[in-house]
Amino acid sequence: MADRYFSDLHCHNHMRAHFQMQVHKDKFTAENKYSPWTVIMSNERNLQKGTMGASYSQIDLVKCWKSNLRLTFNSLYPLEKQFVKGSNILKGKNKLLRILTTAILGKDGIRRDLLQSNYMRIPDALVDYFQSEGYDYWESLQREKEFVCMDSGKVISQNKIHVPNGLLRNERLAERRAKQDPETYFVQQASYLIPKNRAELKKSLQNKDEITMILTIEGAHALGTDTVKSITTISKRVQSIKNDWDEPIFFITFAHHFYNFLCGHAHSIPAVGDALMDQSNGINETFNSDGMRILRELLGINRYYKVDSNLGYRILIDVKHMSAKSRKEYYKVVDKCRENGDTIPVIASHCGYSGLSTLQDHIDNQDKEFDKKYNNKGPFNPWNINMCDEDIEMIVKTKGLFGISFDQRILGLKKEDDDKRNGVSLVWDNIEGILLSATTNPNLQGEDPLQIWNCITIGTDFEGLIDPVDPYPTAMEFEQFANNLVFVMDQARKDSKNKHLQHLKSREDVVQAVDRFCYLNAEEFVLKHYPKK
C-alpha cells in the first residue's frame, strides 16, 4: 500500500512552544531552543488517558512529520484576555457558580492565577503578561507570526526538547524518556514551508519531504478590535496583513470564544469553564456595521458585493464560532456574491454536526444550550457552535470545506454513552450525519449528490484545549484512525439500507474515500483558493 498522507484544516502546531518561550525569548534563544520545532515535554499520564490536551503535545511539528501530516493549516491565535481575567458574576448564565468561585478564589490575585494557569497549562509569568496592560492582540499576532515563520524553508538537523518548570532531576528524567521514545520527540533533517504564493504552494505539495504549512488566524479580535478608537485602524491592519506580510493568511475564523466587537459568537465554554470565564457579552448576536465592513474588506469585495482589486487578495472566512445569527447574515453576503458570479467557499474548519435543520432552529433554541435534557436528547451536540443542515447546504453549494473536529464534546459524546462510542464511531456518526444531511436535502437536488464527499476533511483543533476522542489523542494516531474509519465504512456500505453509501462498491472504493477525507480534499481546496499574490 502506498503511503497515506494527512492534512488538518485547523490546529495550532506551534502553540505550546510559543506559550512556553515567548516571555523569555532571549533565554531560549541562548539555549538554541527558540524554534517552532522545539517539543514541550508531555504529561505522559494524561496523554495515555486521552484527557484534555493542555498538558501534553498533540500536533507539534515533530508529530506532524512522524505521522505523515504533510498539509497543516496552522492557526495564529493571540490568547483572549477573558481566559485569564475574572468574569462578571452578575452577567450571563451560572451566576451562582460564579459567585461561589469568586468567593473562594477572589476576582483576581494569586489563587485565581494558579487555577487558570493550571486550567490553561501555561507558565505563571505568561498569565501575568496576558493580564497586564501591555498585552495587545495586534502586537501579539505579529510576534506569533514571526515565530512561526522563522524556520520556514529551513532543514533542521535535529529539534530540541524543553521541560516546563523542570528541575534538574525532572529534566534528566524527561530527556531519558525522550530518548526511549524518539519517534515522538525527535526528528532529523526535517523541514516545513509556508508558501508565499500559489506557485510555491504547488511545488511544496509535490515535495513530501517537507510539511506544507498554511497560515490562518483564529478570531478577528487578533486585529486589536478591543482597543482601537476607530474602525479605520482595523481596516489598515487588514491591508497590512495583505500587503506587508510575505506569507498570506488563507482564512480567518472570524469569531471566537468572546466578543470581538464585530459579530456575535456562539456559546462554546461548558459550565466548568464558565465559572472562570464570562461569554455573555455579544453572545448569539449578529454582525454590526463595523463587522460587516471588515468582513467585506477581508473578502476583497466592495459594498456592492463585487470584487475590488484595491482591497487586495481574498482572505476566506471560517464560520466556526460564529453565532447562528451571524452565519445567517454572512450567508446573505455569500448569496449576493454568487448572484454576481463570484462563489465564496464556506469553510467550517473544526466542527461537528448539530442534527438541527435550520439556523433559525439554532436561534430558537440557543437559550436551551444550558439545559441537560436538550443537550442529551440526540446523538449530536445541538449547540449553535455546530453546523446544521442549512450550513451544510451552503458548504455544498459553494464547494466549501467542513473540517471534522476531534473534540469529543463538539462531536456529541454524552456521559451516558458507552466506551465503544468514544472512538471511531463518534467521528463516523458525525460524518454520516453530514452525508445524510446533504444527500436528503431537497434544496440540493440539482447538485452532484457526491459533492459532499469532496467537502469533508479532518479539522482536529489539536492544541486548542480540546478533550480528544480517546483512541486518537494526537496526530500520531492518524493512521490508526484512518484504518478504523475504513473498517466502519466498509461494514456500513454493505447494508442495503444505506443509500448514501451505494456508490462505494468495494473496500478499495472506501479506501479512496477515506484518503480523500484525510488529505486530498484539503489539498485540492487549497490549490484552488490559495492567493496568487
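Residues numbered from 1 in each chain as written. Predicted model: local features only at pLDDT ≥ 70, side-chain atom pairs only at ≥ 80, totals over all residues. Heavy atoms only, no water.

(A) Representation of the overall build of the protein chain. When you go through the protein chain residue by residue, the secondary structure sums to 21 helices and 12 strands. In the protein chain, buried positions account for 60% of the 533 residues. Looking at the protein chain alone, contacts between residues at least 24 apart form 78% of all its contacts between residues at least 6 apart. Surface exposure of the protein chain reaches about 22,000 Å², of which carbon and sulfur atoms provide 48%. (Helix = DSSP H or I, 4+ residues; strand = E, 2+ residues; numbered from the N terminus. Buried < 20%, exposed > 50% of the residue type's maximum accessible area, 1.4 Å probe, protein only. Contact = heavy atoms within 4.5 Å. Areas by Shrake-Rupley, 256 points an atom, 1.4 Å probe, with all protein chains shown as cover.)

(B) Representation of the nonpolar core in the model. If you look at the biggest cluster of nonpolar residues, it comprises 134 residues, and the most contacted ones within it are Trp-37, Ile-241, Phe-254, Tyr-330, Ile-452 and Leu-485. If one sorts the elements of this core by residue count, helix α21 (residues 507–529) sits on top with 10 residues. Core analysis: the next-biggest nonpolar cluster, separate from the first, contains 15 residues, Leu-79, Val-84, Tyr-135 and Tyr-137 among them. (Core = buried A, V, L, I, M, F, W, Y, C linked by side-chain atoms within 4.5 Å.)

(C) Main features of the packing of aromatic side chains. Within this structure, the stated rule accounts for 27 aromatic pairs. On the numbers, 5.0 Å between centres and 65° between planes, the contact of Tyr-34 with Phe-147 is edge-to-face. A residue pair is termed long-range when its members are at least 10 positions apart, and Tyr-34 in the loop between α2 (25–30) and β2 (39–40) and Phe-147 in helix α8 (residues 137–149) qualify at 113 residues. Residue Tyr-34 is classed as buried on the basis of its relative accessible area, which comes to 14%. Overall, the relative accessible area of 2% leaves Phe-147 in the buried class. (Phe/Tyr/Trp six-rings, centres within 6.5 Å; stacked < 30°, edge-to-face > 60°.)

(D) Inspection of unusual backbone geometry at higher detail. One non-glycine residue with positive phi stands out, namely Phe-261, at about 65°. Position of Phe-261 relative to the elements: it lies in the loop between β8 (249–253) and α13 (271–274). By relative accessible area, which is 39% here, Phe-261 ends up partly exposed. Positioned with a positive phi, Glu-463 is a non-glycine residue whose angle comes to about 70°. Mapped onto the fold, Glu-463 is located in the loop between β12 (456–458) and α20 (478–493). Judged by its relative accessible area of 5%, Glu-463 falls in the buried class.

(E) Examining the packing of helix α18 (residues 389–397) against helix α19 (residues 424–439) more closely. It is at 9 Å that the axes of α18 and α19 come closest, and there the two elements cross at 75°. Here α18 is positioned roughly perpendicular relative to α19, judged by the angle of their axes. Listed contacts from α19 to Asp-389, Ile-392 and Val-396 of α18 are Ile-434, Ser-437 and Ala-438. Partitioned by chemical class, the residues of the contact of α18 with α19 number 4 nonpolar, 1 polar and 1 charged. (Axes fitted to C-alpha atoms, helices over the stretch in contact; angles between N-to-C directions. Parallel < 35°, antiparallel > 145°, perpendicular 65-115°, else oblique. Nonpolar A, V, L, I, M, F, W, Y, C, P; charged D, E, K, R; others polar.)

(F) Here's a closer look at the pattern of salt bridges. All chains considered together, the criterion is met by 20 salt bridges. Residue Lys-63 is joined to Asp-60 by a salt bridge in which the shortest nitrogen-to-oxygen separation is 3.2 Å. When sorted by exposure, Lys-63 lands in the same class as Asp-60, which is buried. Lys-494 serves as the salt-bridge partner of Asp-490, at 3.8 Å between the closest nitrogen and oxygen. Using a relative accessible area of 52% as the deciding quantity, one classes Lys-494 as exposed. Among the charged side chains, a network of salt bridges with common partners joins Arg-4, Glu-479 and Asp-515. (Salt bridge = Lys/Arg side-chain N within 4 Å of Asp/Glu carboxyl O.)

(G) Broad picture of the packing of helix α11 (residues 198–206) against α21. For the pair α11 and α21, the least separation of the axes is 9 Å and the interaxial angle reads 155°. Classified by the interaxial angle, the pair formed by α11 and α21 is roughly antiparallel. Where α11 crosses over α21, the two elements pack in a sense that is left-handed. Residues Arg-198, Leu-201, Lys-202 and Leu-205 of α11 pack against Tyr-519, Glu-523, Val-526, Leu-527, Lys-528 and His-529 of α21. For the contact of α11 with α21, the class distribution of residues is 5 nonpolar, 1 polar and 4 charged. (Left-handed = near helix turned anticlockwise from the far one by under 90°.)

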